[in-house]
Structure formats: C-alpha cells, structure tokens
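Here's the letter readout for the chains.
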Amino acid sequence: MISQFAVNAFIASSTYVLLGLGFALVYRAARFFHFAHGAVFASGPYLLLIFVQCAGVSWPASVVLSVACVCVLGCAMEVMAYGPIRRAHSSPIVLALASLGIYVVLQNVISLIFGDDTKSIRTGVVREGINVLGARITPIQITTICVSIVLVIGLALFLRYAKLGRAMRAVANDPELANLSGIDSDRVILWAFAIGSALAGIAGILVALDVDMTPTMGMNALMMGVVAVIIGGVSSIPGIALGALLLGMAQQFGVWWISSQWQDAIAFIILLVFLLFRPQGFMGRKVKKAVV
Amino acid sequence: MEYLLHILILIGIYIILSESLNLIAGYTGLLSIAHAAFYGVGAYVAALMALNLHTPFLVNIICAVIAAGAFGALVGIPSLRIRDDYFVIATFAFQVITFSVLNNWVSFTGGPMGLPGIPQPVIFGLQISSHVGFLILVGVLCALSLWVTHRVVRSPFGRVLMAIREDEVFAHAMGKNVARYKVMVFVIGAGIAAIAGAMYAYYISFIDPTSFTVTESIFIISIVIIGGAGSLWGPVVGAAVLVTLPEILRFVGMPSSVAANVRQILYGGLLVAFMMWRPQGFMGGYSFEKGGSEK
C-alpha cells in the first residue's frame, strides 16, 4: 500500500519535473510565462502518432524525429512571435498573452486534425506490470522515471559546466550585463526554447505512452509543472525536483484520502498557499513582489 | 429573426462580462484569468436559488452579485503580495479550483450534469419569455454596466485605479490605500460579471460547468484586449466582433464540430496578432506596459 503510494507519486513527479524544468529554463531566459509550453508538450505524442502510424517510420527514429520537430516548434514561436514582441514592447504580460493565444491556436489545430477523443500509441496488450516491493509498475513507468532522472542530472551539469549553460545562467541573472560581456542573449534565449521544448516533448511522449493522449492534455500538465516550479523556486534545479516530488506526494495522498477528482484543486490550493506566503519557493531567494 | 436576436443577446452578455474585466485589467492593470469563475458563481447562485428556494428574479440576481463580489475580494487579495505574471497564475488557480468545485460537488451543483429547468424570470409581475423580452432586459443591464464603468472611471476612485496601473509606488506615496483599491475593483468587477452569469442562466435555462472554464476566461480576456483594454467602448467593439465573427463560419457551411475549433483558432490567432502589432487593442487604451497607455 505504502510502496504503491510512493511509486505513483514518483511517476507523477517525473513528468512534472521535466515540464517544470523546461518551463523554468524559458522563464529564466526570456522572463515571461510561456503558456504555449503546454501545447508543445501535447504536440510531442501527436507528432509521434503521425510518424509511427501514418508515415510508418520505425519507433526509435520516430521518437527522435518528433522530439526534433517539437524543438523546431518551440524555436519557431520564439523567432516568429516572442522575439519581435520582446523587441517592440518589453512587458512580460504582453508576451504571456501572446503565449496564451498561441496555446489556444495549437490546441485547436490538434483537435481539428485528430479529433477531441483519446488517442493511443501504445502497442500490444496492456501488461499488468512488474512487482517491485509490493507495488505494481509497468516498464514504461520505469522508463519515465529513469529518463527524467537522467535528464534532470544532465541539465544540472549542462547549466553548471557547459559554455552555453553558463551563458544561460548569465542571461537569466542580468541580460544587459551578459550582453556587455559578449553573450548574444537572443541566441541564448533561442537555445533555452530549444532545450525546454525538447524536455516538454519527451515528457509528453512518456505520458502518452503511459496514459494515452487528448488535445487538452497540455494545459493541465503544464500547470502541474508550474506548481512544482513555484513550490521549489524558479532558479533552483534541486528545488524544482523537490517541488515536483512534494506535489506528486500531496496529490497521491489526496487521492487516497479524499478522491481522485480533487487532484487539480489540491495542486492549485498548494500553489495559492505558496504564492501568498512564500512566492519565491522554498529554495529560491528573490521574486517580483507587489511593492506596496 | 430569432437567430439574430439570439446573437444580440449573447453580444450583450459578453459586453457586460468584458466591461467588468476591463475595470480590473484595463483600468487597474491587474490581468485576471478568473473572470469565467465570477461569471460561473453568478450563474450558479442565481440558478440554485431559483430552483431550490423559488425566490424572485431580482432577489436572485442581487444575491448572485453579493456572492461573486465576496469571491472577487478573495481573488483580489493575492494582488497585494504578488504582481504581474505571478498574479496571473494566482487567478488561474482560482479559476481551476472554481471549475473543480462546480464539476465535482455533485450533490450541490449537479456536477457535470448541470442544472436544467431554470424558470423564466418574472420582474414586477411581468414574465419574460420571448427573445425580444430577454434582449430588452440584457440591453438594460448592458447599459447599466457601461454607465457604472463610465462613472467609476470618471470618479476620483477611478483615477486612483489608473494611477495604480501606471505607478503603484507613486499612488501609495500620494497616500492612497492601494490594497483597498485593488480589492474594491475586484469586488465591483466580479459583481458585474455575476449579473452576466445570472442572465445567461435565465436565458439558456440550463447551465453546466463547461460554460465556465479557463478557455472561457481566455475568450473574455481576448474580447477586452482585442477591443482595447482601458477604453470604455473597446470591450463593446471586441464583444460585437468576436461573437459575430464565428457566426460567419456557419454561413460558409462549416460543420459545427469543425466550427468550434476554427472559432477558437480565430480568436487565439487574433490575440497573438494584436500582441505583435497593436497591444493597445482596436480602440486603443492600455497596453500592459508600464506607462504604456495612450494619452
């Protein structure tokens, strides 16, 4: 019982952390709430569906191709919409509104093409899963957990040691100072979109392999990522990972204690509590607050 | 003819909704994704009272306004501590929680099945049953909401709201109680939105949670932004255009399943286009940049 509870929480948090990290990467570099990140997340599995079922490409190649396409999608948003808007008006609210618009467009394009019903890319019979310490876990769930651990550690190392990763942190801290020291902040932001979108696409594919997909899956999943980011603090990778874990556990506890339909409400009540009492998250330091 | 009247009634309801959001977002600069929640609270309070207590129309609408106003105060409170995009997320949270309650508290709200059979409104012994009757009623309420907005904006109270939008610290330095003004504008905005909600419930005579989703909130925001936030006639133009435009799709012979998606693609696309080329909207008001209002 307890181990099943822990396993479920861990599976849920693995996707939250991937979405949260991608979102935080974009938020730190470009400084706005990238709502369309949710649509990027949902595009991943639908692209995979096209490659596997319509084009007949092999599985590994399809996964690589869909993640690449999702990267291009994220970058296209930056090049075609956010970039021009950022250069004309600096307000984060204007960018967030444009992002909401892009989200609405993409979500409806997906439902126009594929319909509103649930689509599946799972093949073969549904297996019961393996028994691990009294908890049931399917191979795809194990994959999800492993992939997300590897990516979290990889991203942390990248931001710490790689030249581009350090440039990203520099732009996040002070774009003007970064520009002065010869960093092209527009290029760094574009990379943040590419990497962030890839993380979202991978998360989307993993979720769809586990529980199928609908065109509206993006917004809800993204908001869970955002809750993890706000709980943990936008600038700290361990914080975001811990935030995702905490959220996953709180939700599983809610399912067990009350009922599964209140999962969203629980997540957003936690979010409100953090926004009101500790908006910088438990690992963060500073945040934009109302001045008065 | 019935069809034309139906469109006009819908435009009226959306004018009330977007004008009330305009007070919060356009004039005070507090962008909120919780407006469909206020709309929903208004609709549900009016409908539940009409169905269970059989109280008259005017009593129900007043109670709806009071309930939504109280809820508005609650949603306004985070604006005292967080700002800009963090505040947007806080209002998003209220929106999702409200939908969750409407959808899951089945014994009270009917859950996904909704509340059918809301009776026709009776005002001073006059039963309103025809489309014309509803149009007149909505028209009166619409004019009332425009008049209230106009009066609020022109009053000293309204000037403080705009001062908060332009420079919060300065408004505070002038000795204005910024916190009180922010909460007050949410109470007023949510109260007016509840009028639209109650009207919608009585007009359609059936409500369910799907009318009060995040998507609906984004639609109301689009009306305000595209029409022109911070201008009195902006939301009127926005509502007229965004409600009528998708109806054209119907005449082109597009099947309704496709039309629903195309309608959303249309306003999502318009929102992006306006943010890129005309963030102050069609009528030109406030563009969500500090000091970005046109004088």
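Residues numbered from 1 in each chain as written. Chains lettered and ligands numbered in written order. Predicted model: local features only at pLDDT ≥ 70, side-chain atom pairs only at ≥ 80, totals over all residues.

## Re the confidence of the model for chain B
All names here are of chain B.
Part 1 of the reasoning: Averaged over every residue, the pLDDT of chain B is 90; residues scoring 70 or more account for 98%.
Part 2 of the reasoning: Low pLDDT (under 50) marks residues 291-295, which in the prediction has ten contacts with non-local residues, meaning those over four places away or in another chain.
Part 3 of the reasoning: Model confidence for the complex: the whole-complex pTM is 0.91, and ipTM, which rates the interface, is 0.89. (pLDDT = per-residue confidence, 0-100. Contact = placed C-beta atoms within 7 Å.)

## Digging into the interface of chain A and chain B
Part 1 of the reasoning: Facing 41 residues of chain A, the contacting portion of chain B comprises 39 residues.
Part 2 of the reasoning: When contributions to the side of chain A that touches chain B are tallied by element, the ones reaching two or more residues are α3 (59-88), α4 (92-114), α9 (217-232) and α11 (263-277) of chain A.
Part 3 of the reasoning: At 15 residues, the largest contribution of residues to the side of chain A that touches chain B is made by α4(A).
Part 4 of the reasoning: Classifying every residue of the side of chain A that touches chain B by side-chain character gives 31 nonpolar, seven polar and three charged. (Helix = DSSP H or I, 4+ residues; strand = E, 2+ residues; numbered from the N terminus. Nonpolar A, V, L, I, M, F, W, Y, C, P; charged D, E, K, R; others polar.)

## Digging into the packing of helix α7 (residues 156-166) of chain B against helix α9 (residues 178-204) of chain B
All names here are of chain B.
Part 1 of the reasoning: Between α7 and α9, the shortest axis-to-axis distance is 10 Å and the interhelical angle comes to 110°. The pairing of α7 with α9 is recorded here as roughly perpendicular in orientation. When α7 is examined against α9, the residues V160, L161 and I164 are found in contact with a partner set consisting of V178, Y181, K182 and V185.
Part 2 of the reasoning: Taken together, the residues of the contact of α7 with α9 break down into six nonpolar, no polar and one charged. (Axes fitted to C-alpha atoms, helices over the stretch in contact; angles between N-to-C directions. Parallel < 35°, antiparallel > 145°, perpendicular 65-115°, else oblique.)

## Some points on the packing of helix α1 (residues 2-27) of chain B against helix α10 (residues 214-227) of chain B
Residue and element names in this part refer to chain B.
Part 1 of the reasoning: Remark: α1 packs on α10, axes separated minimally by 9 Å, with the N-to-C direction vectors making an angle of 70°. Accordingly, the angle class assigned to the pair α1 and α10 is roughly perpendicular. Where α1 abuts α10, its residues Y14, L17, S18, L21, N22, A25 and G26 lie against I220, I221, I223, V224 and G227.
Part 2 of the reasoning: Its residues assigned to classes, the contact of α1 with α10 shows eight nonpolar, four polar and no charged.

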